[in-house]
Amino acid sequence: MKRYWLLVTVLLLFLSCNRKKVRLYPPPDEVKDTSVINPEPVQLDTLSNKIANFTGLYTHGDEVSTFRDCKTGKIYWLTDSSKKMSKLYLAVHRSPAYPYESVYAEIKGYLKGKSSLGYASEYDNELIAKSVIKIEGKNYKTACYPYEFIALGNEPFWSVDIIPAEDRIILKDVGEEKVYQFPYKKAVVTGDVFRYSVTNSKNDKLILTIRKSNCSDGMSDRKYLYSAELTINDKLLKGCAIRKNDQLKDNP
């Protein structure tokens, strides 16, 4: 008899334990909070991937694809998922052109963050271009073009862009279809006269003198606030100049 009651007691304990184990896994209709069993997917921070309009200076070339943002002044590595920018860049790369000359661009895209791949990893952020709104050659009116002076003349046509931010002074002799590149060097300033004197690795010597005086290019009604005189090697050229932020008005 004692053995019988011992077996009954053990059986009851066994059944009791099984019930508790079953209650640990209730059927789905009894679960009040399903977030533990079926958690919501993690929402990634997509703020940096928001499509927006970007305006800036685009530079394309061998192992180079960069975008200088007009609003921030920051330089991003540009990845062209539109597959159109390099072709449009070459189309507006006006002759005579020089390697890695920037053009003005308006695009739709997003900032992806810092890349870990190749040349892109050398920049703090990567800009993904999804579509192109506009690409055109820059000029004195391009708001975010960081030039100091642009000098220009006619008969023959020539222009000099002085660009401290790019460490460049660029002379385009359109008549000879030739470009001269020089490292940037500050002007010697005497009163209202600015004198640039630089030599490049090819021993070309440029002397540009810009004076504060009214000037006309002889071909348009535009009135400039500065005159310019350029000597490249032994060749003398004369024209006018525009200082960054000059407010020029064309005569009616």
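Everything in this summary refers to the structure shown in the same document. (Residues numbered from 1 in each chain as written. Predicted model: local features only at pLDDT ≥ 70, side-chain atom pairs only at ≥ 80, totals over all residues. Heavy atoms only, no water.)

Focus on the overall build of the protein
Here is step 1: On a plain count of helices and strands, the protein comes out with 2 helices and 14 strands.
Here is step 2: Evaluated residue by residue, the protein yields a buried proportion of 35% over its 252 residues.
Here is step 3: Counting only contacts in the protein whose residues sit at least 6 apart along the sequence, the fraction spanning at least 24 positions is 49%.
Here is step 4: Accessible surface, the protein as shown: approximately 16600 Å² in total, 54% of it carbon and sulfur. (Helix = DSSP H or I, 4+ residues; strand = E, 2+ residues; numbered from the N terminus. Buried < 20%, exposed > 50% of the residue type's maximum accessible area, 1.4 Å probe, protein only. Contact = heavy atoms within 4.5 Å. Areas by Shrake-Rupley, 256 points an atom, 1.4 Å probe, with all protein chains shown as cover.)

With respect to the side chain of Lys-138
Here is step 1: Relative to the assigned elements, Lys-138 resides in the loop between strand 5 (126–136) and strand 6 (149–153).
Here is step 2: Engagement of the side chain of Lys-138 in a polar contact is seen with the backbone oxygen of Ser-102, the distance being 2.6 Å. (Polar contact = N/O pair within 3.5 Å; in protein donor to acceptor, adjacent residues only side chain to side chain.)

What about the nonpolar core?
Here is step 1: The biggest cluster of nonpolar side chains holds 23 residues, and the ones touching the most others in it are Val-160, Tyr-196, Leu-208 and Ile-210.
Here is step 2: Elements supplying a minimum of two residues to this core: strand 6, strand 7 (158–163), strand 8 (168–173), strand 9 (178–183), strand 11 (193–199), strand 12 (205–216), strand 13 (223–232) and strand 14 (235–243).
Here is step 3: At 4 residues, strand 13 tops the list of elements feeding residues into this core.
Here is step 4: Formed by 15 residues, the second largest nonpolar core is a distinct cluster that contains Phe-54, Tyr-58, Met-85 and Ala-129. (Core = buried A, V, L, I, M, F, W, Y, C linked by side-chain atoms within 4.5 Å.)

Structural notes on unusual backbone geometry
Here is step 1: Between Glu-155 and the following residue, Pro-156, the backbone shows a cis peptide bond with an omega angle of 5°.
Here is step 2: If you trace the backbone, Pro-156 turns up in the loop between strand 6 and strand 7.
Here is step 3: Unlike most non-glycine residues, Tyr-100 shows phi in positive territory, near 65°.
Here is step 4: One non-glycine residue, Asn-203, lies in the positive phi region at around 65°.
Here is step 5: Summarising the element assignment, Asn-203 is placed in the loop between strand 11 and strand 12.
Here is step 6: Classification of Asn-203 as exposed rests on a relative accessible area of 64%.

Comments concerning the environment of Leu-90
Here is step 1: One can find Leu-90 in helix 2 (residues 85–92).
Here is step 2: Taking the C-alpha atoms as reference points, Leu-90 and Val-103, separated by 13 residues in sequence, lie 9.7 Å from one another.

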